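This is what each chain is made of:
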Amino acid sequence: MKIEIQNHVEHLPALNGITLSNLLTRSNCMASKAPTICDVTADVDAKLSEIDRELSISDEPLNTYVQLGECKELEKYSSKSLGEHSSYKAVNSRGEIVGVILNGTIMKPQPGDEPPAKLADNCAHPKFKKIMALMDHVDEQFDIFELYPDIDRFLDCKIISVDTNYRGMGIAGMLTDRTLDYASRNGIKLIHVLCSSHFSARVMEKMDFNEVYRLPYSDYLVNGEQVFEPEKPHVALRILTKRLDQ
């Protein structure tokens, strides 16, 4: 089937009857902290198909563990960077959206900048608030700009998700490839992905991303209690990056 990757993600309607919120709930990547349509139709090759099969093995383990369900806060959080036009959608021959990759640029804080608000502070959804608190904890423990002092911004891959009816066709890999191309064309030297899933992290490693941070779920405690204990092999939250200038 013909699949086209397009850079026109002003809004994301229901995806073949699946709401955006439900699609994001099942996605394998979590976030850290004038539109044009591309005419290029990407070919599916063996490597991209392998990558997409890896991504389709399981749903996002933290969302599954807390039984997140419908979550408008997740939808709002994940789509807030759409205006940058750095996100992409995969469209089938009938014009239906069958996959998305949502990206956003993170700028290096400057002297005198106000500290960013905690993600969990303004989250009204109690289950999603737990996940946002974990993201806040990671931000406190790991500063990517200290690891890459020469970088003044990076592209954060927030969400990769593909309609279950279209998984195994290489769509996730094509969306990621288009993101890498966007970063290169816009002078962005670093891509950042925070993976809560063992399988999504393995996908990124197949695309030459390298792990720079790992937090075992058993080490994340609140009031002495482990907060997340998803099914194995999901044992750690990992940050992976890829430099495009080396």
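Residues numbered from 1 in each chain as written. Predicted model: local features only at pLDDT ≥ 70, side-chain atom pairs only at ≥ 80, totals over all residues. Heavy atoms only, no water.

Chemist: So what's going on with the overall build of the chain? Which residues, and what values?
Modeler: Of the regular secondary structure elements, the chain holds 8 helices and 10 strands. Here the chain, with 246 residues, has 52% of them falling under the buried criterion. Carbon and sulfur atoms make up 48% of the accessible area of the chain, which amounts to about 11,500 Å² in all. (Helix = DSSP H or I, 4+ residues; strand = E, 2+ residues; numbered from the N terminus. Buried < 20%, exposed > 50% of the residue type's maximum accessible area, 1.4 Å probe, protein only. Areas by Shrake-Rupley, 256 points an atom, 1.4 Å probe, with all protein chains shown as cover.)

Chemist: Go over the pattern of salt bridges, please, and point to the residues and values.
Modeler: Between side chains of opposite charge, a pair can form when the charged atoms approach closely. Following the criterion strictly, the structure yields 9 salt bridges and no others. Where Lys158 meets Asp156, a salt bridge forms, and the shortest distance between an N and an O atom there is 3.3 Å. Salt bridges sharing partners connect three or more residues here, namely Glu205, Glu211, Arg214 and Arg238. (Salt bridge = Lys/Arg side-chain N within 4 Å of Asp/Glu carboxyl O.)

Chemist: Provide a residue-level description of the environment of Arg185, including the pertinent values.
Modeler: As for its position among the elements, Arg185 is in helix 7 (residues 171–185). Judged by its relative accessible area of 52%, Arg185 falls in the exposed class. Polar contacts involving the side chain of Arg185 include one to the side chain of Tyr88, which spans 3.4 Å. (Polar contact = N/O pair within 3.5 Å; in protein donor to acceptor, adjacent residues only side chain to side chain.)

Chemist: Break down empty space enclosed by the protein for me, citing the residues and quoting the values.
Modeler: Empty space among the atoms can be located by rolling a probe the size of a water molecule over them. Put simply, the second largest cavity is a space of about 30 Å³. Lining the second largest cavity are Ile101, Cys157, Thr176, Thr179, Leu180, Ile191, Val193, Met204 and Phe209. Across the lining of the second largest cavity, the residue classes break down as 7 nonpolar, 2 polar and no charged. (1 Å grid on protein atoms, 1.4 Å probe; cavity = no way out; pocket = protein on both sides within 12 Å on 5 of 7 lines; lining within 4 Å. Points joined across faces, edges and corners; volume = space filled by probe spheres on them. Nonpolar A, V, L, I, M, F, W, Y, C, P; charged D, E, K, R; others polar.)

Chemist: If you had to explain the packing of aromatic side chains to someone new, which residues and values would you point to?
Modeler: Taken as a whole and judged by the stated rule, the model has 4 aromatic pairs. When the ring of Tyr65 is compared with that of Phe228, the centres are 6.4 Å apart and the planes differ by 65°; the resulting orientation is edge-to-face. Of this pair, Tyr65 sits in helix 3 (residues 61–66) while Phe228 sits in the loop between strand 9 (225–226) and strand 10 (236–243), and the two are 163 residues apart along the sequence. Of the residues examined, Tyr65 reaches a relative accessible area of 37% and is grouped as partly exposed. Look at Phe228 and you get buried, because its relative accessible area is 1%. (Phe/Tyr/Trp six-rings, centres within 6.5 Å; stacked < 30°, edge-to-face > 60°.)

Chemist: Lay out the layout of surface pockets in plain terms, naming residues and giving numbers.
Modeler: Empty space within the second largest pocket amounts to approximately 240 Å³. The wall of the second largest pocket is formed by Glu73, Lys76, Tyr77, Lys80, Leu119, Asn122, Cys123, Phe128 and Met132. Of all the secondary structure elements, the ones that give two or more residues to the lining of the second largest pocket are helix 4 (72–78) and helix 5 (126–141). Here the lining of the second largest pocket takes 3 residues from helix 4, the largest share from any one element. Class assignment for the residues of the lining of the second largest pocket results in 5 nonpolar, 1 polar and 3 charged.

Chemist: Please provide a residue-by-residue account of the side chain of Asp136, values included.
Modeler: Among the structural elements, Asp136 can be located in helix 5. A polar contact is formed between the side chain of Asp136 and the backbone nitrogen of Ala120, at a distance of 3.0 Å. In contact with Asp136, other than residues within four places in its own chain, are Lys118, Leu119 and Ala120. (Contact = heavy atoms within 4.5 Å.)

Chemist: Could you give me a rundown of the confidence of the model for the chain, with the residues and numbers involved?
Modeler: Confidence along the chain averages 80 in pLDDT terms, with 78% of residues attaining 70 or more. Taken element by element, the predicted model of the chain shows its lowest mean pLDDT in helix 2 (residues 46–55) (44) and its highest in strand 7 (residues 210–216) (98). Across residues 11–23 the pLDDT falls below 50, and counting only partners more than four positions away or on other chains, this stretch makes 30 contacts in the model. (pLDDT = per-residue confidence, 0-100.)

Chemist: Kindly report on unusual backbone geometry, identifying the contributing residues and their values.
Modeler: In the segment running from Lys232 into Pro233, the intervening peptide bond is cis, with an omega of 15°. Here Pro233 shows up in the loop between strand 9 and strand 10. We note that His85 has phi near 60°; this positive angle belongs to a residue other than glycine. Within the element layout of this structure, His85 appears in the loop between helix 4 and strand 3 (88–92). Phi is positive for Asp208, which is not a glycine, with a value near 70°. Topologically, Asp208 is positioned in the loop between helix 8 (198–206) and strand 7.

Chemist: Give a description of the pairing of strand 5 (residues 153–162) that names residues and reports values.
Modeler: Remember that side chains alternate between the two faces of the sheet whenever the strand is regular. In terms of burial, strand 5 is a largely internal element, 9 of the 10 residues being buried. Across 9 bridges, strand 4 (residues 97–107) lies against strand 5 in antiparallel orientation. When the sheet's bridge partners are listed, Ile101 is paired in strand 5 with Ile160. Here 3 bridges tie strand 5 to strand 6 (residues 190–195), and the two strands are oriented parallel to one another. (Pairing = 2+ DSSP bridges.)

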